[in-house]
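# Chains, contacts and geometry: an overview
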Amino acid sequence: MDIEVKAQPSRPRWYERHVQPCAAELLGTALFTFVGCLAVVEDSGGAGRLQPALAHGLALAVTVAVLGDI
């Protein structure tokens, strides 16, 4: 009389479901806004729209690379 007991898949904890995504969103938005504002403030004049666009793109790439697992 061997009875197999199947393990139930564990549900994600409340921290992983609610706090972690909100923290990642907050950190990503803060980084995106901060880098974008600094790129506009430090505009050298000759770069035009290219410098803020590249800064936003690189900030987005870094944010996705760092926080992508969340």
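Here, every reference points to the structure presented above.
Now for a description of the structure that goes with this document. Note that residues are indexed from 1 along each chain, following the sequence as it is written. This being a predicted model, a pLDDT of at least 70 is required before a residue's local features are given, and a value of 80 or more before pairs of side-chain atoms are given or counted; all residues contribute to the totals for chains, interfaces and linings. Note that the side-chain values use all heavy atoms of the structure and ignore hydrogens as well as water.

The next thing to look at is the packing of helix 1 (residues 14-41) against helix 2 (residues 50-67). Here the axes come from fitting lines to C-alpha atoms, over the contacting stretch only for helices, and the angles between their N-to-C directions go from 0 to 180 degrees. For the purposes of this entry, the term helix denotes a DSSP run of H or I that reaches at least four residues, the term strand denotes a run of E that reaches at least two, and both are numbered from the N terminus. Contact geometry of helix 1 with helix 2 gives a least axis separation of 9 Å together with a crossing angle of 160°. Considering their axes alone, helix 1 and helix 2 lie roughly antiparallel with respect to each other. Once helix 1 is placed against helix 2, the crossing between them reads as right-handed. Touching Ala 24, Leu 27, Gly 28, Leu 31, Phe 32, Val 35, Gly 36, Ala 39 and Val 40 of helix 1 are Gln 51, Pro 52, Ala 55, His 56, Ala 59, Leu 60, Thr 63 and Leu 67, all from helix 2. Here is the rule for angles: anything less than 35 degrees is roughly parallel, anything more than 145 is roughly antiparallel, 65 through 115 is roughly perpendicular, and the remaining ranges are oblique. Two helices that cross are described as forming a left-handed crossing if the nearer one is turned anticlockwise from the farther one by less than a right angle, and a right-handed crossing if clockwise. Only heavy atoms matter for contacts: two residues are in contact if any of them lie within 4.5 Å across the pair.

Glancing now at helix 2. Multiplying one less than the number of residues by 1.5 Å gives the expected span of a helix. The terminal C-alpha atoms of helix 2, which comprises 18 residues, lie 25 Å apart, in line with the 26 Å expected from a rise of 1.5 Å per residue. Three exposure classes are used, based on accessible area relative to the maximum for each residue type with a 1.4 Å probe and protein chains only: buried under 20%, partly exposed in between, and exposed over 50%. The set of residues buried in helix 2 consists of Pro 52, Ala 55, Ala 59, Thr 63 and Leu 67. Down the axis, helix 2 shows its buried residues gathered within 65° of arc, on one side only. Looking at helix 2, the residues exposed on the side facing more than 90 degrees away from the buried face are Leu 50, Leu 58, Val 64 and Ala 65. For helix 2, the elements touching its buried residues are helix 1. Each direction from the helix axis to a C-beta atom contributes to the arc, which is the arc of those directions.

Shape descriptors only; they carry no functional weight alone.
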